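# Geometric and topological summary
Chain residues, written in single-letter form:
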Amino acid sequence: MLSIRDLTKTYANGVRAIAGVSLQIPTGLFGLLGPNGAGKSSLMRTIATLQEPDSGSIDFNGLNVLVEKDALRRQLGYLPQDFGVYPKVSAEDLLTHFAVLKGLTQRAQRREVVDALLHKVNLWDARKRKLGTYSGGMRQRFGIAQALIGDPKLVIVDEPTAGLDPEERNRFLNLLSEIGEKVVVILSTHIVEDVTDLCAHMAIINRGQVLLTGEPHTTIQALAGQVWRKQLDKSELAEHQSRYQILSTRLVGGRPLIHVFSESAPGDGFVAVEPDLEDVYFQRLRQHARAA
Ligand code: ADP
C-alpha cells in the first residue's frame, strides 16, 4: 500500500502543482486521471523521489519514502513521460545495459532476466531490431521492460498511452493490468478509457487537487439518474450551454449530441442515459471549475 498524505509542491515560478494531495493506493492498477497540467507528472516524480515536495508524507509499506529514498528506488520501476531510447541500439542490448545499471552484474543471471522481460512484453521476436525502427507501442513496451528490471514492488508509468493506436494501447494496458496483479502500478493518463476497464481504483485530479477517488464502477453508479442526453441543431447549442450543465458535446451525424448533469429530469426533450466514466470525469471537472 502506498499512502500519500497532505502533499504540496509549489515550483519556483509560483505554480502550485500539488495542492494538498492525500491518496491511498493499494496493490493493483491505479489510474491517476486528469487534464494536462493537473499535476500528475509532478506527483509521480515526487513519489519516484526525483523531486522534493514542500510538505506532506509518503509511506510505502512502512517505508518513509521522502527520507529513505534509496530504499524506495530499489523497489521502484519508473517509466517517465519523455522516455527516450537510443535509436541505433537493439532492444536486447539496451535492456542488458539497463540491467547492468540496476546492479545485475552476473552475466548468466542478467541474461535470464533480460530474456524473460523481452518475452513478457512480447518483444522477443523483435529483440535484435534497432529501437529507432520500433512503433510507438513497441517503444512503450520496451519502456515497461526496463522499468520491470529487478522486480519492482511499485511501478509508475506517466502518460504511457499518449500517441498509441487503439490496438497498441489495449495491448499495453493489458500488460500493465497483468503486472498490477502483484504490485502497485500507478498509471497517469488524460484518457478516460484508459481507466474505465482495467483500473481497480482511480483518482481524478485537477489543479493539484484530488477531486474524487474510488473504484471506477462505484463512482459511475453514484451518478446514476443524473445524466441526460439530447440531440440538437447546432443553432440550439449556445442556448443549451447557458441553461444546462453540459458534460460533453459530440457530433453525431453532424448534429451535436449533448450530455447534461441534472439531479432531476430536465424535461425539454432530454432522455436519461446510463452514465459512464467520462460523465463522472467531466461532472467533477465542471463542478471544480465552478467552485473556483
Ligand atoms: P500533468 O502531468 O498533469 O500534465 P504537471 O505535473 O506536468 O501536470 O504540471 C502541473 C503544473 O506545474 C503545470 O502548470 C506545469 O506547467 C507546472 N510545472 C510542471 N513542472 C514544472 C517545473 N519544473 N517548473 C515549473 N512549473 C512546472
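Residues numbered from 1 in each chain as written. Predicted model: local features only at pLDDT ≥ 70, side-chain atom pairs only at ≥ 80, totals over all residues. Heavy atoms only, no water.

Moving on to the domain arrangement of the protein chain. A common way to state how big an interface is: give the accessible area lost once the parts meet. Structurally, the protein chain comprises domain 1 (2–215) and domain 2 (221–291). Centre-to-centre, using C-alpha coordinates, domain 1 lies 34 Å away from domain 2. The interface is formed by 14 residues belonging to domain 1 together with seven residues belonging to domain 2. Of the roughly 1,000 Å² buried between domain 1 and domain 2 on both sides combined, carbon and sulfur atoms contribute 72%. Inspection of the domain 1/domain 2 interface yields zero salt bridges. (Domains from an automatic or database assignment. Contact = heavy atoms within 4.5 Å. Buried area = accessible area lost by both parts, 1.4 Å probe. Salt bridge = Lys/Arg side-chain N within 4 Å of Asp/Glu carboxyl O.)

Let's shift gears to the packing of helix H5 (residues 136–147) against helix H6 (residues 166–179). As a packed pair, H5 and H6 sit with axes 9 Å apart at the nearest point and diverge in direction by 15 degrees. Relative to H6, the element H5 lies roughly parallel. For the crossing formed where H5 meets H6, the hand is right-handed. Contacts between H5 and H6 pair Gly-136, Gly-137, Met-138, Gln-140, Arg-141 and Ile-144 from the former with Glu-168, Arg-171, Phe-172, Leu-175, Leu-176 and Ile-179 from the latter. Considered class by class, the residues forming the contact of H5 with H6 number six nonpolar, three polar and three charged. (Axes fitted to C-alpha atoms, helices over the stretch in contact; angles between N-to-C directions. Helix = DSSP H or I, 4+ residues; strand = E, 2+ residues; numbered from the N terminus. Parallel < 35°, antiparallel > 145°, perpendicular 65-115°, else oblique. Left-handed = near helix turned anticlockwise from the far one by under 90°. Nonpolar A, V, L, I, M, F, W, Y, C, P; charged D, E, K, R; others polar.)

Applying the stated criterion to the full structure yields five aromatic pairs. Geometrically, the ring pair formed by Phe-83 and Phe-98 is tilted, given 6.4 Å between the ring centres and 35 degrees between the ring planes. Of the two residues, Phe-83 is situated in the loop between strand S6 (76–79) and helix H3 (91–101) and Phe-98 in helix H3; the sequence distance between them amounts to 15 residues. Considered together, Phe-83 and Phe-98 belong to a single accessibility category, that of buried residues. (Phe/Tyr/Trp six-rings, centres within 6.5 Å; stacked < 30°, edge-to-face > 60°. Buried < 20%, exposed > 50% of the residue type's maximum accessible area, 1.4 Å probe, protein only.)

Moving on, we come to the site of the ligand. Near the ligand you find 13 residues, and of these Gly-37, Gly-39, Lys-40, Ser-41 and Ser-42 are the closest. One nitrogen or oxygen atom from the side chain of Asn-13 is found 3.4 Å from a nitrogen atom belonging to the ligand. At a separation of 2.9 Å, an oxygen atom of the ligand approaches a polar side-chain atom of Lys-40. For the ligand, whose accessible area on its own is 560 Å², the fraction buried by protein is 64%. In terms of residue count, helix H1 (residues 40–47) provides more of the shell around the ligand than any other element does, four residues in total. (Near = heavy atom within 4 Å. Polar contact = N/O pair within 3.5 Å; in protein donor to acceptor, adjacent residues only side chain to side chain. Areas by Shrake-Rupley, 256 points an atom, 1.4 Å probe, with all protein chains shown as cover.)

The next thing to look at is unusual backbone geometry. Even without a glycine there, the phi angle at Asn-61 is positive, about 50 degrees. Along the polypeptide, Asn-61 turns up in the loop between strand S4 (55–60) and strand S5 (63–64). A relative accessible area of 56% places Asn-61 in the exposed class. With a phi close to 50 degrees, Asp-151 is a non-glycine residue in the positive phi region. Mapping Asp-151 onto the fold places it in the loop between H5 and strand S7 (154–158).

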